[in-house]
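Structure assessment
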Amino acid sequence: MITGATRVAALIGSPVRHSLSPAMHNAGFQSLGLDWVYTAFHVHEGDAQRALDAMRVLGLGGMSVTMPHKQAVAEAVDLLDPAAAALHSVNTVVPHTDGRLLGHNTDGDGFVASLAAAGVQVVGRSFGIVGAGGAARAIVDAVARAGAAQVVVVNRTAERAHEAAALAGACGRVGSVADLGSVEVVVNATSVGMGSQELPFDPRVLRRDQVVADIVYHPRRTALLAEAAVVGAATVDGLGMLVHQAALQQRLWTGRDPDIAAMAQAAERELAARRQ
Ligand code: ATR
């Protein structure tokens, strides 16, 4: 039951109509028995500041931020956490009791949490990250902070690869597809394979003693993960990152840890409904 006491959290972005976030977050709030509801607002590019003003005026309990507002929100909030500051990108806004809005970025930590949930350690491991966009940068930053020994960034556009590798500090460098054969964990952090059978790189470089993770979650078993499984590598699909970054948002807003499985089921139900 939604009442006058119900707290509201919301996503801002453009587009938001097909976002999985409302289904996931409402399942999370329900799992905690919290009187919270989550919805999505279509906010046009250039209106991020006004959306934050609305958040203050309406007393929203939390905000998620997606394209095209992540950078603009990073400029407009009162304080940034280390990840959001390094990335100049905010995916989570938390209202502080003193009225300030705090900007966080849970994308990279969500990825690291999804690896942990799959039994994959980050500390001391070598990573090959394919891509240098927002998601890739968040992952480079997070695995480096989580103690990765080496982070090799492989990207179509070299200049962006250098910028992304710099986020990992001394353990970061730019590499080529051939280098993916000699790291322990390979990550596709591009959108290649989303809704298609495309491969982000030639999978013949993969080996059976590697872990191969994909941030693409639709289809869950991407062409890359299928090829990795054929080689005998362990695979981690992209639904985990999606769910864990959302669960970390709920922890920031409510101080509680929602049921990951319930959130994943809600996301899967939404994806299945879409396929019909
Ligand atoms: P996001 O912020 O969602 O991560 P993005 O900033 O558009 O998305 O970045 C997408 C990433 O996928 C980039 O690394 C992009 O490579 P470039 O930097 O060279 O543009 C990569 N990418 C997208 N389509 C690709 C393709 N067909 N082949 C190789 N890389 C691709």
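Residues numbered from 1 in each chain as written. Predicted model: local features only at pLDDT ≥ 70, side-chain atom pairs only at ≥ 80, totals over all residues. Heavy atoms only, no water.

We now examine the layout of surface pockets. Each pocket or cavity is described by its volume, and for the largest pocket that value is around 1,300 Å³. Lining the largest pocket we find 39 residues, and of these Thr66, Met67, Lys70, Tyr217 and Leu242 sit closest to its centre. Within the residue set of the lining of the largest pocket, elements represented by two or more residues are helix 1 (21–32), strand 3 (62–65), helix 3 (70–76), helix 6 (134–145), helix 9 (239–254) and helix 10 (260–275). Of the residues contributing to the lining of the largest pocket, the split by class is 18 nonpolar, 16 polar and 5 charged. By volume, the second largest pocket amounts to about 380 Å³. (1 Å grid on protein atoms, 1.4 Å probe; cavity = no way out; pocket = protein on both sides within 12 Å on 5 of 7 lines; lining within 4 Å. Points joined across faces, edges and corners; volume = space filled by probe spheres on them. Helix = DSSP H or I, 4+ residues; strand = E, 2+ residues; numbered from the N terminus. Nonpolar A, V, L, I, M, F, W, Y, C, P; charged D, E, K, R; others polar.)

The element strand 1 (residues 7–13) is largely enclosed, with a buried count of 5 among its 7 residues. Strand direction decides the pairing type here: strand 1 and strand 2 (residues 36–42), joined by 7 bridges, are parallel. Bridge pairing links Ala9 to Tyr38 in strand 2. Where strand 1 meets strand 3, 4 bridges bridge the pair, whose relative direction is parallel. Its bridge partner lying in strand 3, Ala10 is registered against Met63. (Buried < 20%, exposed > 50% of the residue type's maximum accessible area, 1.4 Å probe, protein only. Pairing = 2+ DSSP bridges.)

Moving on: the domain arrangement of the protein. The domains assigned to the protein are domain 1 (7–105 + 241–275) and domain 2 (108–237). If you average the C-alpha positions of domain 1 and of domain 2, the two centres end up 25 Å apart. In this complex, domain 1 contributes 13 residues to the contact, which on the side of domain 2 involves 17 residues. Taken together, both faces of the contact between domain 1 and domain 2 bury some 1,300 Å²; the carbon and sulfur share is 68%. In this assembly, domain 1 and domain 2 are joined by 1 salt bridge. Inspection of the region where domain 1 meets domain 2 yields 1 residue pair in polar contact (both at pLDDT 80 or more). Those elements that provide at least two residues to the side of domain 1 that touches domain 2 are helix 4 (82–87), helix 9 and helix 10. Grouping the amino acids of the side of domain 1 that touches domain 2 by side-chain chemistry returns 8 nonpolar, 3 polar and 2 charged. (Domains from an automatic or database assignment. Contact = heavy atoms within 4.5 Å. Buried area = accessible area lost by both parts, 1.4 Å probe. Salt bridge = Lys/Arg side-chain N within 4 Å of Asp/Glu carboxyl O. Polar contact = N/O pair within 3.5 Å; in protein donor to acceptor, adjacent residues only side chain to side chain.)

If you check the shell around the ligand, you find Gly131, Ala132, Gly133, Gly134, Ala135, Asn155, Arg156, Thr157, Arg160, Thr190 and Val192 and nothing else. The contact in question runs from an oxygen atom of the ligand to an N or O atom on the backbone of Gly134, over 2.9 Å. If the ligand stood free it would expose 650 Å²; the protein chains cover 64% of that surface. One can see that the ligand is located within the second largest pocket. In terms of residue class, the shell around the ligand is made up of 3 nonpolar, 6 polar and 2 charged. (Near = heavy atom within 4 Å. Areas by Shrake-Rupley, 256 points an atom, 1.4 Å probe, with all protein chains shown as cover. Sits in = over half its atoms within 2 Å of the grid points.)

Once that is clear, we can look at the sheet that holds strand 8 (residues 150–154). Spatially, 6 strands are ordered 9-8-7-10-11-12 in an open sheet, and the strand pairing comes out parallel. Each having just a single partner strand, strand 9 (172–174) and strand 12 (234–236) make up the two edges of the open sheet. Neighbouring strand axes in the sheet, compared pairwise and without regard to direction, differ in orientation by 20° on average. Examined bridge by bridge, strand 11 (residues 211–214) and strand 12 share 3 bridges and lie parallel to one another. Looking across to strand 12, one finds that Val212 is bridged to Thr235. Against the sheet, helix 6 makes contact with strand 7 (126–130), strand 8 and strand 10 (185–188), and its axis sits at roughly 170° relative to strand 7, the strand it touches most. (Axes fitted to C-alpha atoms, helices over the stretch in contact; angles between N-to-C directions.)

Helix 10 packs onto helix 1 with a crossing angle of 150° between their chain directions and a minimal axis gap of 8 Å. With respect to each other, helix 1 and helix 10 are oriented roughly antiparallel. Of the two possible hands of crossing, helix 1 and helix 10 adopt the one that is right-handed. From helix 1, Ala23, Met24, His25, Ala27, Gly28 and Ser31 reach across to helix 10, where they touch Ala262, Met263, Ala266, Ala267 and Glu270. Split by residue class, the contact of helix 1 with helix 10 holds 7 nonpolar, 3 polar and 1 charged. (Parallel < 35°, antiparallel > 145°, perpendicular 65-115°, else oblique. Left-handed = near helix turned anticlockwise from the far one by under 90°.)

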